[in-house]
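# Per-entry structural report
Chain residues, written in single-letter form:
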Amino acid sequence: MAETIEKRVLVRYFAAAAEAAGCQEEWLSVRPGANLEQILAGAVHLHGSSLNTVLARCSFLVNGITRRDLALPASGEIDVLPPFAGG
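Attention in this report is confined to the structure presented alongside it. What you see is a predicted model; the values in this text were computed from it and never measured.

## Here's the deal with the nonpolar core
Among the nonpolar cores identified, the biggest contains 23 residues, and Val11, Tyr13, Ile39, Leu51, Leu55, Phe60 and Val80 are the most heavily contacted of them. Looking at this core, the elements with two or more residues in it are strand S1 (7–13), helix H1 (16–21), strand S2 (25–30), helix H2 (36–47), helix H3 (49–55), strand S3 (59–62) and strand S5 (76–81). The element contributing the most residues to this core is H2, with five residues.

Take a look at the structure:
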């Protein structure tokens, strides 16, 4: 039987996203080839529906590049950026 090798991605939450998640950053285990939507669904599973509400309004950087639906490379970092007011 083939083993499923999981990888870990660092998710950093800012402002309202950090408040909804209850943390500023965390390492999440994901399956190889997982895309951003699947990873965020896992975060919502951990933290609840209030995070899902915030994520609907967020922008995302994957390894520093604005993305929405992207399979992550071997070492991924995701920044969750809610809308910011002001300059």
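## Focus: unusual backbone geometry
Backbone geometry at Ala15 places phi at a positive 50 degrees, although glycine is not the residue there. For Ala15, the position within the fold is in the loop between S1 and H1. According to the relative accessible area criterion, Ala15 is partly exposed, its value standing at 47%. Positive phi values are uncommon outside glycine, yet Asn63 reaches one of about 50 degrees. Among the structural elements, Asn63 can be located in the loop between S3 and strand S4 (65–66). Judged by its relative accessible area of 33%, Asn63 is partly exposed.

## Observations concerning the sheet that holds S2
Taken together, five strands build an open sheet; the order of strands is S2-S1-S5-S3-S4 and the sheet is mixed. Because the sheet does not close on itself, it has two edges, and the strands there are S2 and S4. The pairing of S1 with S5 spans five bridges and is parallel. Paired with Leu10 across the two strands is Glu77, which belongs to S5. Its contacts with the sheet place H2 against S1, S2, S3 and S5, and it is angled at close to 115 degrees to S2.

## Digging into the pattern of salt bridges
Applying the stated criterion across every chain, the model contains two salt bridges. Among the ionic pairs, Arg12 bridges to Glu77, the shortest N-O distance being 3.1 Å. Linking Arg12 in strand S1 with Glu77 in strand S5, this pair joins segments that are 65 residues apart in sequence. Look at Arg12 and you get partly exposed, because its relative accessible area is 22%. Overall, the relative accessible area of 34% leaves Glu77 in the partly exposed class.

## Notes on the pairing of S5
In this sheet, S5 lies alongside S3 in antiparallel orientation, the contact comprising four bridges. If you follow Phe60 over to S5, its bridge partner there is Val80.

Criteria and cut-off values
- Residues numbered from 1 in each chain as written.
- Predicted model: local features only at pLDDT ≥ 70, side-chain atom pairs only at ≥ 80, totals over all residues.
- Heavy atoms only, no water.
- Core = buried A, V, L, I, M, F, W, Y, C linked by side-chain atoms within 4.5 Å.
- Buried < 20%, exposed > 50% of the residue type's maximum accessible area, 1.4 Å probe, protein only.
- Helix = DSSP H or I, 4+ residues; strand = E, 2+ residues; numbered from the N terminus.
- Pairing = 2+ DSSP bridges.
- Contact = heavy atoms within 4.5 Å.
- Axes fitted to C-alpha atoms, helices over the stretch in contact; angles between N-to-C directions.
- Salt bridge = Lys/Arg side-chain N within 4 Å of Asp/Glu carboxyl O.

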